[in-house]
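Structure assessment
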Amino acid sequence: MRDDYTVKDIKMAPEGQKKIDWVSRPMKVLNGLSEKFLKDGAFRGKKISICMHLEAKTGYLATILKKLGAEVWVTSSNTLSTKDDVCAALAKNGIHVHAIYGANEDEFGSFIHSIVEKKPHAVIDDGGDVCEYLHQYPEYCMNLMGICEETTTGVARLKKKYQNNQLRYPAVAINDAKSKYLFDNRYGTGQSTWASIMHLTNMTVAGKMVVSIGYGWVGRGVAMRAAGLGADIIVVERDPWKALEAKMDGFQVMPLEKACPLGDFFITSTGEPNIIRKEHFLLLKEGAFLANAGHFDYEIDVESLHQMSKSVKDVREEVQEFVLENNKILYLLARGGIINIAGGLGHPIEIMDMSFSLQLASLHYILSSDNLENKVYQVPDEIDELVVREKLRVEGIEIEGEGEV
């Protein structure tokens, strides 16, 4: 039987393995939980499918699951965030990986099929693509005990299905756990977004005007980190409570069309399509940089930007220069894909240690439970608290009233 993987080049495995090894040691919470779960055998013999941004930290989670006795299939939730060397390393280690950087839509669909056709017992999803596929092809759900969803976008899709009585299996909303959104979405995305932008552009942030579009947990992190780097901040937000919060956090608040002529960097994090579109491109400041921190690569209307430009060229790695018909120059980062992974290394290791510990513990909850209903579950409080307390412990932090944590 042929090897069950699809990667760009298996010879890239040594470099990918170095990256996986690098992230393994700081992921102390995940390592501790894996030792705990090894004892009860809940993962042994189970089939687990993963669809997430496929870089070293995700690779290490897949490796942990295999060590716990599961058979693991994995693909990327965004082809622009796929790291080919990490994929090669996973394939070399006996994990069924199907992912290639820059794969087209048909290839992406075939990869989703490849990770679910063996009828998994549990799924980790990131954005809801596997969820949608399994609802279209329920024959692959015969073993499915539940799914863990990582992101705001994916959780919203699950909740909509449940409200419409269409949800076919139990789902755990990882993104709604306090240990996830308070840290991953805010501190993780905030830091990694700006690390990627600074790496790609080699420009200062201090003294620039940053327009943060959306003020959810990701938008808060983007704005907070930009302010810490010395930027002036404009927040664009349609929710009146979030807009007022942004104002009281010390930022300017205004509609996007008013912010367009003012901003040097524009970062979207709304989860909605075509937030920056044709009419905005015409208003943007000369030399403005456009980046997307949302899960899907549709927040910036890249197709329209191409159509209205008389020339497009790559001027740096993952930096495209667009010259509009009126000779205005704009720059697009990471082709409109999720900037912190498509243009960088993703979240800091310690942040993903907490998020992936939530994933691991929630998978254990699903595989250890009988007769879960077809609804969207919150991460159980005991799991949420377990992760944050374990994080405090490995950091050597004591809290009031309890002595040593």
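Above this text you will find the structure in question.
Residues numbered from 1 in each chain as written. Predicted model: local features only at pLDDT ≥ 70, side-chain atom pairs only at ≥ 80, totals over all residues. Heavy atoms only, no water.

**Things to note about the pairing of strand β12 (residues 309–316)**
- As paired strands, β12 and strand β13 (residues 319–324) are joined by 6 bridges and run antiparallel to one another. When the bridges of β13 are listed, S309 appears paired with L324. (Pairing = 2+ DSSP bridges. Helix = DSSP H or I, 4+ residues; strand = E, 2+ residues; numbered from the N terminus.)

**Points about helix α9 (residues 217–228)**
- Under the 1.5 Å per step criterion, the end-to-end length of α9 is 16 Å for 12 residues, consistent within 8% with the ideal 16 Å.
- Within α9, burial applies to V218, G219, R220, G221, V222, A223 and A226. (Expected span 1.5 Å × (residues − 1). Buried < 20%, exposed > 50% of the residue type's maximum accessible area, 1.4 Å probe, protein only.)

**Describing the packing of aromatic side chains**
- Across all of its chains, the model carries 11 aromatic pairs by this definition.
- Between F37 and F43 the ring centres are 6.3 Å apart and the planes differ by 45°, which places this aromatic pair in the tilted class. Pair check on accessibility: F37 and F43 agree, each one buried.
- Relative to Y140, the ring of Y133 has its centre 6.4 Å away and its plane inclined at 15°; by these criteria the two rings are stacked.
- For Y140, a relative accessible area of 15% corresponds to the buried category.
- Through a chain of ring-to-ring contacts, three or more aromatic side chains come together here, namely W194, F265, F289 and Y331.
- Stacked on the ring of W217, the Lys or Arg R220 has its end atom at 4.2 Å from the ring centre. (Phe/Tyr/Trp six-rings, centres within 6.5 Å; stacked < 30°, edge-to-face > 60°. Lys NZ or Arg CZ within 6 Å of the ring centre and 35° of its normal.)

**Observations concerning the side chain of N175**
- By secondary structure assignment, the location of N175 is in the loop between β6 (171–173) and α8 (178–201).
- N175 sits in the buried class, given a relative accessible area of 5%.
- For N175, the side chain forms a polar contact with the side chain of K180, separated by 3.0 Å.
- Residues in contact with N175, not counting those within four places in the same chain, are E149, E150, T151, T152, V155, K180, Y181 and N185. (Polar contact = N/O pair within 3.5 Å; in protein donor to acceptor, adjacent residues only side chain to side chain. Contact = heavy atoms within 4.5 Å.)

**Some remarks on the state of the cysteines**
- Considering all chains together, one arrives at 0 disulfides under this definition.
- Lacking any disulfide linkage, C131 is separated from the closest cysteine sulfur, that of C141, by 9.4 Å. (Disulfide = S-S within 2.5 Å.)

**A few points about the pairing of strand β5 (residues 146–149)**
- Residue alternation in β5 divides its side chains into two sets, G146 and C148 and I147 and E149, and both sets are buried.
- Once you follow strand β4 (residues 122–125) into helix α6 (residues 129–136) and on to β5, the crossover reads as right-handed. (Right-handed = clockwise from strand over helix to strand, strands pointing away.)

**With respect to the sheet that holds strand β7 (residues 209–213)**
- Spatial strand order, β9-β8-β7-β10-β11-β14-β13-β12: 8 strands in an open sheet with mixed pairing. Each edge of the sheet is formed by a strand with only one pairing partner; in this case those strands are β9 (252–253) and β12.

**A look at the packing of α8 against α9**
- Two elements in contact, α8 and α9, have axes whose closest approach is 7 Å; the angle formed by their N-to-C orientations is 45°. The orientation of α8 relative to α9 falls into the category oblique. Crossing handedness for the pair α8 and α9: right-handed. Contacts between α8 and α9 involve Y181, L182, N185, R186, Y187, T189, G190, Q191, T193 and W194 on the former and, on the latter, W217, V218, G221, V222, M224, R225 and A226.
- For the contact of α8 with α9, a count of residues per class yields 9 nonpolar, 6 polar and 2 charged. (Axes fitted to C-alpha atoms, helices over the stretch in contact; angles between N-to-C directions. Parallel < 35°, antiparallel > 145°, perpendicular 65-115°, else oblique. Left-handed = near helix turned anticlockwise from the far one by under 90°. Nonpolar A, V, L, I, M, F, W, Y, C, P; charged D, E, K, R; others polar.)

**A word on the environment of P273**
- Checked against the element boundaries, P273 lands in the loop between β10 (265–268) and α12 (278–281).
- Given a relative accessible area of 42%, P273 falls into the partly exposed group.
- Along the chain, P273 and G294 lie 21 residues apart, while their C-alpha atoms are 9.9 Å from each other.
- Here P273 is in contact with Y298 and E299, once residues within four sequence places are set aside.

**A few points about the layout of surface pockets**
- Considered as a void within the structure, the largest pocket measures approximately 1,100 Å³ in volume.
- What lines the largest pocket is a set of 47 residues, among which T152, V218, S269, T270 and G271 lie closest to the centre.
- For the lining of the largest pocket, the per-class residue count stands at 16 nonpolar, 19 polar and 12 charged. (1 Å grid on protein atoms, 1.4 Å probe; cavity = no way out; pocket = protein on both sides within 12 Å on 5 of 7 lines; lining within 4 Å. Points joined across faces, edges and corners; volume = space filled by probe spheres on them.)

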